[in-house]
There are 2 protein chains.
Amino acid sequence: MKKLINNPSDVVNEQLLGLAAAHPELHLSLAPRYVCRKDIPQGKVAVVSGGGSGHDPLHCGYVGFGMLDGACPGEIFTSPTPDQMYECAKHVDRGAGVLFIVKNYTGDVLNFETSAELCKMDGIQVQCILIDDDVAVKGGGHTSGRRGVGLTVLAEKIVGAAAQAGYSLGACADLCRRINQNGRSMGVALSSCIIPEAGETTFLLDNDEIELGIGIHGEQGVERRCMASVDILVELMVEHIFSDPEYVRVAREMNSASGEWEDVQLVSTPFSRGESFIVLVNGMGGTPPGELYGVYRKFAELCDEKGVSIKRNLVGTYISSLEMQGCSITMLRADDEMVRLWDARAVTPGLCFPSCDDVTSCGTSNAD
Amino acid sequence: MKKLINNPSDVVNEQLLGLAAAHPELHLSLAPRYVCRKDIPQGKVAVVSGGGSGHDPLHCGYVGFGMLDGACPGEIFTSPTPDQMYECAKHVDRGAGVLFIVKNYTGDVLNFETSAELCKMDGIQVQCILIDDDVAVKGGGHTSGRRGVGLTVLAEKIVGAAAQAGYSLGACADLCRRINQNGRSMGVALSSCIIPEAGETTFLLDNDEIELGIGIHGEQGVERRCMASVDILVELMVEHIFSDPEYVRVAREMNSASGEWEDVQLVSTPFSRGESFIVLVNGMGGTPPGELYGVYRKFAELCDEKGVSIKRNLVGTYISSLEMQGCSITMLRADDEMVRLWDARAVTPGLCFPSCDDVTSCGTSNAD
């Protein structure tokens, strides 16, 4: 294991100290552990996310103007604890409530629910919205449902912009739910990764093998198969996304009026010709930027063939799995409101959107 | 070799097609090969760079508002040809001349000089400024001098902002020369990388070995040694930078008045207590964002011990060596003018700086 680290047990805290040193506009608490903005305006809905570490820049790298108000990092690939979310929520609440954006993993879901209960007892209004966009996991009783992957980045950007623009807690939650219903992702791993405290690779791949449909922790994918050209790999990913049938999940949400938990049935309909998208081509941590543009080339070509329009794109390492080589593709069927919020200004360590007011052509506004 | 590519000989063109598809605000020419802005205002000095490919986002990813007007990518780790720079310069010249920012490699230097001659014959005013910041190369007659590495990114940002702000060609050249005189870099490789057309690693490292003082192509470093903790590796890099003595190079520059080549002697004085810096902690392509913040933590601590002040920082993958694991540290002794230009708005695929006018605390403005 060759990594730029000291003692494996100190990795998360040391990297957070580096983030805070580089970005003094952020507040870092180490016990309990969370990162938040220092300059949250009164009356603004606070947007908070969190999850296991090792996915940088997600989540702590997205704390800042126009995205997250707080993020709670667990140990590597391990859920944060309820006290982290609870203390973070108390710290960032400005009287308008807190939206938790939760990736669908058993530990994350349970712990965010527990912290929502704690917040409720303190009189802080909270809503939890799930992200479960990974089409590699087919529906069925044997899993806890689809994993939350790349769509989380898009949700944090768009919902963060909505909160910054003054949306209410209910409106932010509705928007986030709509994003989840309209998003799908698929990934491929060319290599595994090494959790520092484990010291060895999470899974083994031969020199000519890849894992298709990987999650962000090296969970089992759809298929282990031979390495192939980028064109073939992108075709496989895109086929999985477009052939994904109607997907129905039951999300447990806290009713904002009654404060009681209720099961909400949410349906995702398949993508089809004529629709418009915001897309993310994401690197898994060990893949260099150039290769991701190679992926984008084929992906954009396939979208064109399928008659769908890419309104906005993001290409880079935005939700990683330590040093894993590989990539994922996320597609969000986007309405005008989402595109408008996508274009809004954001200033965070991991993602920066200039508003386009005074620039003729703007790198983040790439089609219309 | 597992990479997200098709035929190795198509890698550069296919990745550029992806970049252009994702960023329609850029113009891509494939024969001869260059990328440039579509919206360069009349009367603005054009800033152009280029070099071998495989260092993304450098250089093509820095074409856009407030940075480069054009970039000329060669094959992987191979200099572009004079016709590329010449055609690019003709395309981006708006009557105020063209500044070539040239990393100090024999091929790049020769080819940029040849293209400057071609431009001169066409009546286009050109200046070439060299970047040679790699302290791993000690002075001496047996080399062509120091390599241009991480400082190139800072030069492209700052000089790009100056050109955008209306600086003359001479003023842009003076500023770029001053940046080069005040910048130093040092890198470390944890792994080698594979040039697609070669199909095997450029050099071999054992499981417990690293190469200290590496360039961006896997050139020989200062020392091959045992892997160590990030703290020790950062200490070694910082020691090399701070103990670097006065460095004198002779740069060949085209005199802007006479159009004749002349040798200009440039001196870099060592860094010392009380000085202020813009710094870059850079990933080599295969190192995930989290580890770079681990590097920054120790680096900031050492700067504090040495009594120097970090005015601005940039942490991420900005000048890479394909999928190499490792990092580099660049320090630029920065005056107020450089810091002001650093903070200016930039909108490129690889680097985005919002101006800070309407944000209370801004992620890119991190100390004062």
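Residues numbered from 1 in each chain as written. Chains lettered and ligands numbered in written order. Predicted model: local features only at pLDDT ≥ 70, side-chain atom pairs only at ≥ 80, totals over all residues. Heavy atoms only, no water.

Can you help me understand helix α7 (residues 289-305) of chain A in this one?
Think of an α-helix as turning once every 3.6 residues; residues three or four places apart then point the same way. Residues and elements named next belong to chain A. The terminal C-alpha atoms of α7, which comprises 17 residues, lie 25 Å apart, in line with the 24 Å expected from a rise of 1.5 Å per residue. α7 sits mainly inside the fold: 13 of its 17 residues count as buried. Directly beyond the C-terminal end of α7, a positive phi value near 75 degrees is found at Gly307. (Helix = DSSP H or I, 4+ residues; strand = E, 2+ residues; numbered from the N terminus. Expected span 1.5 Å × (residues − 1). Buried < 20%, exposed > 50% of the residue type's maximum accessible area, 1.4 Å probe, protein only.)

Looking at this structure, I do not really get the packing of aromatic side chains. What am I missing?
The description of two aromatic rings rests on the distance between their centres and on the angle between their planes. For the structure on display, the rule yields ten aromatic pairs over all chains. Seen from their ring centres, Phe271 of chain A and Phe277 of chain A are 4.7 Å apart, and the 70 degrees between their planes marks the pair as edge-to-face. According to the relative accessible area criterion, Phe271 of chain A is buried, its value standing at 5%. Geometrically, the ring pair formed by Phe242 of chain B and Phe271 of chain B is edge-to-face, given 6.1 Å between the ring centres and 75 degrees between the ring planes. Here Phe242 of chain B, found in helix α6 (residues 230-242), pairs with Phe271 of chain B, found in the loop between β11 (261-268) and β12 (276-283); they are 29 residues apart in sequence, far enough to count as distant. Across the pair, exposure class does not vary: Phe242 of chain B and Phe271 of chain B are buried alike. Through a chain of ring-to-ring contacts, the aromatic side chains of Phe242, Phe271 and Phe277 of chain A assemble into a single cluster. Over the ring of Phe271 of chain A we find Arg184 of chain A, and its NZ or CZ is 4.7 Å from the ring centre. (Phe/Tyr/Trp six-rings, centres within 6.5 Å; stacked < 30°, edge-to-face > 60°. Lys NZ or Arg CZ within 6 Å of the ring centre and 35° of its normal.)

Would you take a moment to explain the side chain of Arg147 of chain B for this structure?
Residues and elements named next belong to chain B. Following the sequence through the fold, Arg147 ends up in the loop between β6 (126-131) and α4 (151-164). Among the polar contacts listed, one links the side chain of Arg147 to the side chain of Asp134, at a separation of 2.8 Å. Side-chain polar atoms of Arg147 contact the backbone oxygen of Gly213, separated by 2.9 Å. (Polar contact = N/O pair within 3.5 Å; in protein donor to acceptor, adjacent residues only side chain to side chain.)

Which parts of the structure should I look at to understand the pattern of salt bridges?
Side chains that differ in sign of charge can pair as their charged atoms come close. All names here are of chain A. Taken as a whole and assessed by the stated rule, the structure comprises 52 salt bridges over all chains. When the shortest N-O distance is used, the salt bridge between Arg147 and Asp134 registers 2.7 Å. Taken together, the positions of Arg147 in the loop between β6 (126-131) and α4 (151-164) and Asp134 in the loop between β6 and α4 put the pair 13 residues apart, joining distant regions of the chain. Arg147 gets classed as buried once you look at its relative accessible area, which sits at 8%. (Salt bridge = Lys/Arg side-chain N within 4 Å of Asp/Glu carboxyl O.)

Explain α4 of chain B here, please?
Taking 1.5 Å of rise per residue, 14 residues should cover 20 Å, and α4 of chain B covers 20 Å from first to last C-alpha, within 8% of that figure. Summarising burial for α4 of chain B: 13 of the 14 residues are buried, a large majority.

Sorry, what's going on with the sheet that holds strand β12 (residues 276-283) of chain A here?
Strand-to-strand pairing in sheets goes through backbone hydrogen bonds, with the strands running parallel or antiparallel. All names here are of chain A. Across the sheet, which stays open at both edges, the six strands sit in the order β9-β8-β7-β14-β12-β13 with mixed pairing between neighbours. Every interior strand has two partners, whereas the edge strands, β9 (223-226) and β13 (309-316), have only one. The mean angle between the axes of side-by-side strands here comes to 20 degrees, regardless of whether they run parallel or antiparallel. Where strand β8 (residues 209-212) lies against β9, four bridges are found, and the strand directions are antiparallel. Bridge assignment links Glu209 to a residue of β9, and that residue is Cys226. Across the face of the sheet, α4 comes into contact with β7 (183-189), β12, β13 and β14 (326-333) while running at roughly 50 degrees to β14. (Pairing = 2+ DSSP bridges. Axes fitted to C-alpha atoms, helices over the stretch in contact; angles between N-to-C directions. Contact = heavy atoms within 4.5 Å.)

What is the right way to read the domain arrangement of chain A from this model?
A common way to express how large an interface is: the accessible area buried when the components associate. Residue and element names in this part refer to chain A. Here chain A is partitioned into domain 1 (35-182 + 247-270 + 336-360) and domain 2 (186-241 + 274-327). The C-alpha centroid of domain 2 is placed 23 Å from the C-alpha centroid of domain 1. In this complex, domain 1 contributes 29 residues to the contact, which on the side of domain 2 involves 27 residues. Both faces combined, the contact of domain 1 with domain 2 buries some 2200 Å², and carbon together with sulfur accounts for 68% of it. A salt bridge links Arg312 to Asp343; the nearest nitrogen and oxygen atoms lie 2.8 Å apart. Put simply, domain 1 and domain 2 have seven residue pairs in polar contact (both at pLDDT 80 or more) between them. Secondary structure elements with two or more residues in the side of domain 1 that touches domain 2: β4 (70-76), α4 and α8 (336-342). Along the lines of polarity and charge, the residues of the side of domain 1 that touches domain 2 split into 17 nonpolar, five polar and seven charged. (Domains from an automatic or database assignment. Buried area = accessible area lost by both parts, 1.4 Å probe. Nonpolar A, V, L, I, M, F, W, Y, C, P; charged D, E, K, R; others polar.)

I'm lost on the sheet that holds β12 of chain B in this one. Help?
Residues and elements named next belong to chain B. Strand order in the open sheet formed by six strands is β9-β8-β7-β14-β12-β13, and the pairing between neighbours is mixed. Of all strands in the sheet, those with a lone pairing partner are β9 (223-226) and β13 (309-316), marking the two edges. Direction aside, the axes of adjacent strands within the sheet are offset by 20 degrees on average. Bridge count between strand β7 (residues 183-189) and strand β8 (residues 209-212): two bridges; the pairing is antiparallel. Looking at β8, one finds that Ala189 is bridged to Glu211. Against the sheet, α4 contacts β7, β12, β13 and β14 (326-333), and its axis sits at roughly 50 degrees relative to β14.

Got a minute to help me understand the interface of chain A and chain B in this structure?
Each partner contributes to the interface: chain A provides 64 residues, whereas chain B provides 64 residues. Approximately 5400 Å² of surface area, both sides summed, lies buried where chain A meets chain B, with 62% of it carried by carbon and sulfur atoms. Looking only at chain A, the three residues that lose the most surface to chain B are Lys2, Leu4 and Tyr293 of chain A, adding up to 17% of its buried area. At the junction of chain A and chain B, the tally comes to two salt bridges. In this structure, the salt-bridge partner of Glu14 of chain B is Arg297 of chain A, at a minimum N-O distance of 3.7 Å. Connecting chain A to chain B are 22 residue pairs in polar contact (both at pLDDT 80 or more). Of all the secondary structure elements, the ones that give two or more residues to the side of chain A that touches chain B are α1 (11-22), β8, α6 (230-242), α7, β13 and β14 of chain A. By residue number, the principal contributor to the side of chain A that touches chain B is α7 of chain A, which donates eight residues. Within the side of chain A that touches chain B, the residues separate by chemical class into 30 nonpolar, 20 polar and 14 charged.

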